[in-house]
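Reading the structure
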Amino acid sequence: MTTTPRGHAALPTGRASIRDVAARAGVSVTTVSHALNGTRFVSQQALAKVHEAAHALGYVPSEIARGLKHNTTRTLGMLVPNNSNSYFAEIIRGVEHHSYAAGYSLLLCNSNDDPQQQADHLRVLAERRVDGIVLVASGDDDAIVAVCKDLRLPLVLVDREIETIAVDLIEVDHAAGGELATAHLLELGHERVACIVGPSDLRPSHQREAGWRRALGKAGIAPRPDELARGDFGPSGGAAAMRRLLRSPQPPTAVFVCNDMMAIGALHAAHAEGVRVPEDLSIVGFDDTFQATIVTPHLTTVRQPLAELGRMGVSLLTRLLVGQRLDARRIELSTTLVVRDSTGPVPRR
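Read on for a plain summary of the structure. (Residues numbered from 1 in each chain as written. Predicted model: local features only at pLDDT ≥ 70, side-chain atom pairs only at ≥ 80, totals over all residues. Heavy atoms only, no water.)

Concerning unusual backbone geometry
Note: most residues except glycine have negative phi, and most peptide bonds are trans. Residue P278 is reached from V277 by a cis peptide bond, and omega for that bond is 10°. Take P278: it is sitting in the loop between α11 (260–272) and β9 (282–287). Cis rather than trans, the peptide bond between T296 and P297 has omega equal to -5°. You can see P297 is positioned in the loop between β9 and β10 (300–303). (Helix = DSSP H or I, 4+ residues; strand = E, 2+ residues; numbered from the N terminus.)

Let's talk about the sheet that holds strand β11 (residues 330–333)
The strand order across the open sheet built from six strands is β2-β1-β3-β4-β5-β11, with neighbouring strands paired in parallel fashion. Strand pairing shows two members of the sheet lacking a second neighbour, β2 (105–110) and β11, which therefore form its edges. Neighbour to neighbour, the strand axes of the sheet diverge by 15° on average, direction disregarded. Its contacts with the sheet place helix α5 (residues 86–101) against β1 (75–80), β2, β3 (132–135) and β4 (155–158), and it is angled at close to 175° to β1. (Pairing = 2+ DSSP bridges. Axes fitted to C-alpha atoms, helices over the stretch in contact; angles between N-to-C directions. Contact = heavy atoms within 4.5 Å.)

Examining the side chain of S205
Tracing the chain through its elements places S205 in helix α9 (residues 203–218). Discounting chain neighbours no more than four positions away, the residues touching S205 are V197, G198, P199 and F233.

Considering helix α1 (residues 18–25)
All of the buried residues in α1 are V21, A22 and A25. Across the axial projection of α1, the buried residues extend over an arc of 100°, all falling on one side. Facing away from the buried surface of α1 by more than 90 degrees, the exposed residues are R19 and A23. Packed against the buried residues of α1 are α2 (29–37) and α3 (44–57). Phi turns positive one or two residues past the end of α1, at G26, with a value near 75°. (Buried < 20%, exposed > 50% of the residue type's maximum accessible area, 1.4 Å probe, protein only. Arc of directions from axis to C-beta.)

What about the nonpolar core?
Residues I196, M242, V255, F256, V257, L281 and I283 are the most contacted members of the largest nonpolar core, which totals 41 residues. At the level of elements, α8 (174–187), β6 (193–197), α9, α10 (235–246), β8 (254–257), α11 and β9 are the ones that each hand at least two residues to this core. The element best represented in this core is α11, accounting for seven residues. I91, V156, V172 and M312 belong to the second largest nonpolar core, which has 23 residues in total. (Core = buried A, V, L, I, M, F, W, Y, C linked by side-chain atoms within 4.5 Å.)

Brief notes about the side chain of S248
Tracing the chain through its elements places S248 in the loop between α10 and β8. A polar contact of 2.7 Å, which involves the side chain of S248, links it to the backbone oxygen of L245. (Polar contact = N/O pair within 3.5 Å; in protein donor to acceptor, adjacent residues only side chain to side chain.)

Regarding the packing of helix α6 (residues 115–127) against helix α7 (residues 142–150)
The geometry of α6 relative to α7 is characterised by a closest axis approach of 8 Å and an angle of 15° between their N-to-C directions. Considering their axes alone, α6 and α7 lie roughly parallel with respect to each other. Of the two possible hands of crossing, α6 and α7 adopt the one that is left-handed. Contacts from Q116, Q118, A119, L122 and R123 of α6 reach α7 at A143, I144, V147 and C148. The residue inventory of the contact of α6 with α7, partitioned by class, reads six nonpolar, two polar and one charged. (Parallel < 35°, antiparallel > 145°, perpendicular 65-115°, else oblique. Left-handed = near helix turned anticlockwise from the far one by under 90°. Nonpolar A, V, L, I, M, F, W, Y, C, P; charged D, E, K, R; others polar.)

Describing the pattern of salt bridges
Inspection of every chain in the model, using the stated rule, returns 18 salt bridges. R24 is paired through a salt bridge with E52; the nearest N and O atoms lie 3.5 Å apart. With R24 in helix α1 and E52 in helix α3, the pair connects residues that are 28 residues apart, well separated along the chain. For R24, a relative accessible area of 48% gives the class partly exposed. According to the relative accessible area criterion, E52 is partly exposed, its value standing at 43%. (Salt bridge = Lys/Arg side-chain N within 4 Å of Asp/Glu carboxyl O.)

Structure, rendered in structure tokens:
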């Protein structure tokens, strides 16, 4: 037998039903509903009985049931590739903050960079009757495209485009950021500027690489095939790519790394190879996550407005929810270069 200490209500378990509250209060289920939702006049005596019964039983009204009745749950869904990555964590923080400010709760799912898991999570969010979804895609394979086209609720893409679906997209100008990073290295006198690019199935990888090529082209420099290495957007991939570059017959004097996590791995690899940064080798990252300021040397990087990406994603989604517009929009935010300690003049040899 479970007892409740005198003077304290049972902890809310969500197990008590509205019928239990009605039975304890000695009123009808309809009266309980009106008393708790304020949808019709209820006498003070009945109101007091209902609230006492609900408190004693730990009754928790069903938000799902309310959503079914009003066709809204005041809940948004969000799906990201990897919430342990600080890049996505900062976008999540922006989405969560502005969802709360707009009066919405947030359900977060992590796809673990698995396209099939991504598609499954999107179905689950739809089944939970969220009002809309913010998606940072793990790729644009057939499974995710099919699910997105079947969704019957507002969807906003953040950071990564899926070309075959016409929905709102909020991203940064990745190509301009890549060009900005490479131009900085060229201005320091470097001519052998390599690039560590991300996964081939992600558009930001291609766009940042295109910015690298564009800056070199403007300087009249044609990159050699061995000056491009591919990583996985993680530290280990960045380290492996950096080792390949440093062991080439003509190693670079500078490297543009297409995200901060790979750049941190690249820094560790350079140190392990006895290469000093920036005395022997300059490195520029991309993102400006908080780790850029805690590694040694502090990382020069391209700053993305990550919190603003999240805020704009929620803004676009909530406008769709209130029917302010029907046409899909594409918003592109600017990047800036943050110069720290990992870049310097070309070494004299």
